[in-house]
Amino acid sequence: MPGGAARPRVRMTGAQRRQQLLDVGREVFAQRGYDGTSIEELAARADVSKPVVYEHFGGKEGLYTVVVDREMQRLLDRFTSALAAGGSPRELLERAALVLLDYIEEDTDGFRVLSRDSPAGGSSDGYASLIGEVARKVEHILGAQFSARGHDPALAELYSQALVGMVALVGQWWLERRSPGKEEVAAHLVELAYNGLAHLSPPPGAP
């Protein structure tokens, strides 16, 4: 092939092209954020014309939405599997913390997409929505434990938000540091959370 000849584009099926654009979008959105990403760069990275991106996703926001939804489902599936496997409350809490830290380590681009930004005027923040879903799952576990220990199960919602929020914020901190190791981080989180739950006192103002 002559040195100045254009590189032929790889022919793909519609499904293959869509998957390629999702993979490219995940990488670019992770690197640059939503506002810093352009249709031109997405098309160039995928080696397609801009109309191809519009054809599959209707534009940058459409691609971003699908990327976020896919990552949310991937991480939520991991949490669901971890919490459904059974075990003591302490084991469940540690497993949930490790799910997030594993995801950050193995799918860093996906976590960056979820935890950084979203289109102005668009849907609610993906990470916040995800954390809310996980908190609702944890709430069921805590509710049963509260009832068994004679505490008001209605407080499970408050404590689940606090626990999951703590893990979520530590996950964002650990994203850049990666030290100490994830097993140690999870152990510290569980130590703090579980010791507090195991020694709950009557709420303020209770007789």
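Note that this is a predicted model, so its numbers are computed, not measured.

J.: Which residues make up helix α2 (residues 39–46), and what are the values?
T.: Of all the residues in α2, the buried ones are Ile-39, Glu-41, Leu-42, Ala-43 and Ala-46. Close packing links the buried residues of α2 with α1 (14–32), α3 (50–57) and α4 (60–84). Looking one or two places after α2, you find Asp-47, whose phi comes out positive at around 60°.

J.: Break down the pattern of salt bridges for me, citing the residues and quoting the values.
T.: Counted by the stated rule, this structure contains 15 salt bridges. One salt bridge connects Glu-71 with Arg-26, and the closest N-O pair in it is separated by 2.8 Å. Placement of the pair is Glu-71 in helix α4 and Arg-26 in helix α1, with a sequence separation of 45 residues. Taking the shortest distance from any N to any O, the salt bridge between Lys-182 and Asp-102 comes out at 2.6 Å. Note that Lys-182 is positioned in helix α9 (residues 182–198) and Asp-102 in helix α5 (residues 89–106), a separation of 80 residues in sequence. Looking at Lys-182, the relative accessible area reads 12%, which means it is buried. You can call Asp-102 partly exposed: its relative accessible area is 22%.

J.: A description of the environment of Ile-131 should follow, citing residues and the corresponding values.
T.: Tracing the sequence through the fold places Ile-131 in helix α7 (residues 126–148). Judged by its relative accessible area of 12%, Ile-131 falls in the buried class.

J.: Could you give an account of the UniProt feature "DNA-binding region" (unreviewed entry) in the protein chain, with specific residues and numbers?
T.: The positions that UniProt labels "DNA-binding region" (unreviewed entry) are, in the present scheme, residues 38–57. Secondary structure across residues 38–57 divides into 80% helix and 0% strand, with the first and last C-alpha atoms of the span separated by 14 Å.

J.: An account of the side chain of Arg-26 is needed here, citing residue identities and associated values.
T.: Residue classification places Arg-26 among the buried residues on the basis of a relative accessible area of 14%. A polar contact of 2.8 Å, which involves the side chain of Arg-26, links it to the side chain of Glu-71. Those residues in contact with Arg-26 that sit more than four places away from it in its chain are Val-67, Arg-70, Glu-71, Arg-74, Asp-107, Asp-109, Gly-110 and Val-113.

J.: Could you give an account of the environment of Gly-132, with specific residues and numbers?
T.: The residue Gly-132 is located in helix α7 in this model. On the accessibility criterion, Gly-132 (13% relative accessible area) is buried. Sequence separation between Gly-132 and Gly-165 is 33 residues, and the spatial gap between their C-alpha atoms is 8.8 Å.

Calculation criteria
- Residues numbered from 1 in each chain as written.
- Predicted model: local features only at pLDDT ≥ 70, side-chain atom pairs only at ≥ 80, totals over all residues.
- Heavy atoms only, no water.
- Buried < 20%, exposed > 50% of the residue type's maximum accessible area, 1.4 Å probe, protein only.
- Helix = DSSP H or I, 4+ residues; strand = E, 2+ residues; numbered from the N terminus.
- Contact = heavy atoms within 4.5 Å.
- Salt bridge = Lys/Arg side-chain N within 4 Å of Asp/Glu carboxyl O.
- UniProt positions renumbered as here; feature names shortened; annotations may be inferred.
- Polar contact = N/O pair within 3.5 Å; in protein donor to acceptor, adjacent residues only side chain to side chain.

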